[in-house]
Amino acid sequence: MARPVWAGNLSFGLVSLPVGLYTATDSHTIHFHQLQRGTADRIRNRRVNERTGKEVDLDDIVKGYDTGGEYVLVEPKELDEIAPGRSRSLEITGFVDLADVDPIFFDKTYYLGPRGAEYGKVYSLLEQALAKAGKAGVATFVMRQHEYLVALKAENGILTLHTLHWADEIRDPKKEIGNLPGKTKASDRELKMAEQLIEALSMTWDPGEFHDTFQEKVTAMIDAKQAGETVEKAEPAAEPTGVVDLMEALRASVERAGSPKQASGKATASGTTAAAKKPAAKKRIRSEPKQDLAGLTKADLYKKAAAAHIPGRSQMTREDLVAALTSRR
């Protein structure tokens, strides 16, 4: 059982609930060590005094704020002392409609759990009330010497806490992007064709259908290099669609989305497919009935497509993968 990363009291009105905060997500990023080229020698980061060049113990390091002419030194415990009580308090300021919180504000997700079976009723009451109201509780609290703005939500029978960006942390896109087109004039035919493409590619949201293909390729590359085998390179990115080719690209995309068996690669600006430009590898896979393929998840289909070296597989829909694998039988 995981240990909470923070523990304190969640309060709304005069109701107080002892809770623990638990990390809700994991990262499956593959981590590499740094080595000196040509050797197996590890490269390590060290805390070194900039003036003397000598390594400094962690206990001898304090925080310093540069005011321009001098440093103002701050001890870690001083940061805790200026937030008395708040480091163990999560007080809900109010409740807002979930639809009013723009997705750009959401940052990281945590699970909230009651600290003791005796608090289960209060926990469940708040979860049910939030779920029925369709609202989120907004609060601030201090964790690890940082203050966070958070939204408390009810999700699938549990309480979740989502850290939010502060309003002044959201950048203005008009200042960040210098060439925003605004609402450029599109023809009725182009707009209708784009709407048809969106409709043709509409799907039910299922996060289990998606997986980190890059990490899989990194793992495959490591295995191949360890075995002394060659590494398959990724296909080049599609060429940008020009204004002249836009209508043709839209038309070809709609046709491809409606007829997955006719496509085994990503549509290009000219309306052709990547598979048409690059012949498929001649390797064959074990013969399987089509219905067996149709019952597999997209992740399993992708693995079979990777084993068969089917080009363009990372951009294919689930139906495209079934069609491409079926054609290899």
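Look a little higher up for the structure.
Everything in this summary refers to the structure shown in the same document. Small disclaimer: the values here were computed from a predicted structure and weren't measured.

Take unusual backbone geometry next. Backbone geometry at Asn156 places phi at a positive 55°, although glycine is not the residue there. Overall, the relative accessible area of 84% leaves Asn156 in the exposed class.

Reading around the circumference, β1-β2-β6-β9-β8-β7-β5 is the order of the seven strands in this closed barrel, with mixed pairing throughout. Shown here is a sheet whose adjacent strand axes are inclined to one another by a mean of 40°, direction ignored. Sheet topology note: the strand β5 (residues 89-97)/strand β7 (residues 135-143) ladder contains six bridges and is antiparallel. For Gly94, the partnering residue across the bridge sits in β7 and is Val138.

A separate point is the packing of aromatic side chains. For the structure shown, the criterion picks out three aromatic pairs. Where Phe141 meets Tyr148, the ring centres are 5.9 Å apart and the plane angle is 35°; that geometry is what we call tilted. A relative accessible area of 1% places Phe141 in the buried class. Site record: aromatic cluster; members linked through ring pairs are Trp6, Phe141 and Tyr148.

Contact geometry for helix α4 (residues 188-200) and helix α6 (residues 246-258): axes closest at 9 Å, N-to-C directions at 25°. Regarding the angle of α4 to α6, the classification is roughly parallel. Of the two possible hands of crossing, α4 and α6 adopt the one that is left-handed. Listed contacts from α6 to Arg189, Glu190, Met193, Ala194, Gln196, Leu197 and Ala200 of α4 are Leu246, Met247, Leu250, Arg251, Ser253, Val254 and Ala257. The class makeup of the residues in the contact of α4 with α6 is nine nonpolar, two polar and three charged.

Within the largest apolar cluster, 20 residues are counted, with the highest numbers of intra-cluster contacts made by Leu10, Leu21, Leu90, Leu112, Phe141, Leu152 and Leu161. Those elements that place two or more of their residues in this core are β1 (6-12), β2 (15-23), β5, β6 (106-114), α2 (120-133), β7, β8 (146-155) and β9 (158-164). What Leu112 contacts, discounting residues up to four positions off in sequence, is Leu10, Val19, Gly20, Leu21, Leu90, Tyr123, Leu152, Leu159 and Leu161. In this structure, Leu301, Ala308, Met316 and Leu321 belong to the second largest nonpolar core, which totals 10 residues.

Parameters and conventions
Residues numbered from 1 in each chain as written. Predicted model: local features only at pLDDT ≥ 70, side-chain atom pairs only at ≥ 80, totals over all residues. Heavy atoms only, no water. Buried < 20%, exposed > 50% of the residue type's maximum accessible area, 1.4 Å probe, protein only. Pairing = 2+ DSSP bridges. Helix = DSSP H or I, 4+ residues; strand = E, 2+ residues; numbered from the N terminus. Axes fitted to C-alpha atoms, helices over the stretch in contact; angles between N-to-C directions. Phe/Tyr/Trp six-rings, centres within 6.5 Å; stacked < 30°, edge-to-face > 60°. Parallel < 35°, antiparallel > 145°, perpendicular 65-115°, else oblique. Left-handed = near helix turned anticlockwise from the far one by under 90°. Contact = heavy atoms within 4.5 Å. Nonpolar A, V, L, I, M, F, W, Y, C, P; charged D, E, K, R; others polar. Core = buried A, V, L, I, M, F, W, Y, C linked by side-chain atoms within 4.5 Å.

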